[in-house]
Amino acid sequence: MTLVLAIYVGGMRTMNKEIAQYINDLLADRERLLDEREDAIEETKAELANIYQAQKAMDYIIEEEEGM
C-alpha cells in the first residue's frame, strides 16, 4: 500500500479510477473475511489497519480521477 501511495504521490499516475475501485473492492472483501474471524489476534488487527490505510489511498486516487 505504501508503495502505491508513494508512486502516486510521487507523480507517476499509473493507476486510474477503475483500478483503484477494483483494489478497494478487494480490500473490502478481505476486511469482511478478517472481521468474520472469531479470534482477534494481533495479526488480524495489524492487517485491518493496513487495509484501512490502503482503502484511504484508493479513495484519494478515485477522488483525484473524478476531479480531472
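The structure under discussion appears in the preceding block.
Residues numbered from 1 in each chain as written. Predicted model: local features only at pLDDT ≥ 70, side-chain atom pairs only at ≥ 80, totals over all residues. Heavy atoms only, no water.

**Some points on the pattern of salt bridges**
Line of reasoning, step 1. Across all of its chains, the model carries three salt bridges by this definition.
Line of reasoning, step 2. For the salt bridge of Arg30 with Glu47, the shortest nitrogen-to-oxygen distance reads 2.7 Å. Residue Arg30 is found in helix α2 (residues 17-35), and its partner Glu47 is found in helix α3 (residues 42-66); the two are separated by 17 residues along the sequence.
Line of reasoning, step 3. Since its relative accessible area comes to 26%, Glu47 is described here as partly exposed.
Line of reasoning, step 4. Note that Glu36 and Arg32 form a salt bridge whose closest N and O atoms lie 3.2 Å from each other.
Line of reasoning, step 5. By relative accessible area, which is 52% here, Glu36 ends up exposed.
Line of reasoning, step 6. Look at Arg32 and you get partly exposed, because its relative accessible area is 42%. (Salt bridge = Lys/Arg side-chain N within 4 Å of Asp/Glu carboxyl O. Helix = DSSP H or I, 4+ residues; strand = E, 2+ residues; numbered from the N terminus. Buried < 20%, exposed > 50% of the residue type's maximum accessible area, 1.4 Å probe, protein only.)

**Examining the packing of α2 against α3**
Axes are the key here: two packed helices are described by the angle between their axes and the distance separating the axes.
Line of reasoning, step 1. Orientation of α2 relative to α3, taken along the N-to-C sense of each, is 160°, at an axis distance of 9 Å. Between α2 and α3, the angle falls in the class roughly antiparallel. By crossing handedness, the relation of α2 to α3 is classed as left-handed. The segment α2 lies against α3, with Lys17, Ala20, Gln21, Ile23, Asn24, Leu27, Ala28, Arg30, Glu31, Leu34 and Asp35 engaging Thr44, Glu47, Leu48, Ile51, Ala54, Gln55, Met58, Asp59, Ile61, Ile62, Glu65 and Glu66.
Line of reasoning, step 2. Of the residues that constitute the contact of α2 with α3, the class distribution is eleven nonpolar, four polar and eight charged. (Axes fitted to C-alpha atoms, helices over the stretch in contact; angles between N-to-C directions. Parallel < 35°, antiparallel > 145°, perpendicular 65-115°, else oblique. Left-handed = near helix turned anticlockwise from the far one by under 90°. Contact = heavy atoms within 4.5 Å. Nonpolar A, V, L, I, M, F, W, Y, C, P; charged D, E, K, R; others polar.)

**Digging into α2**
In an α-helix, one turn spans 3.6 residues, which is why side chains three or four residues apart end up on the same side.
Line of reasoning, step 1. The first and last C-alpha atoms of α2 sit 26 Å apart over 19 residues, in line with the 27 Å expected at 1.5 Å per residue.
Line of reasoning, step 2. For α2, the full list of buried residues reads Ala20, Asn24, Leu27 and Leu34. Along α2, the residues classed as buried sweep out an arc of 80° about the axis, all on the same side. Structural note: α2 exposes Glu18 and Tyr22 on the side pointing more than 90 degrees away from its buried face.
Line of reasoning, step 3. Capping the start of α2 is the job of one residue whose side-chain oxygen sits 3.2 Å from the backbone nitrogen of Glu18: Asn16. (Expected span 1.5 Å × (residues − 1). Arc of directions from axis to C-beta. Polar contact = N/O pair within 3.5 Å; in protein donor to acceptor, adjacent residues only side chain to side chain.)

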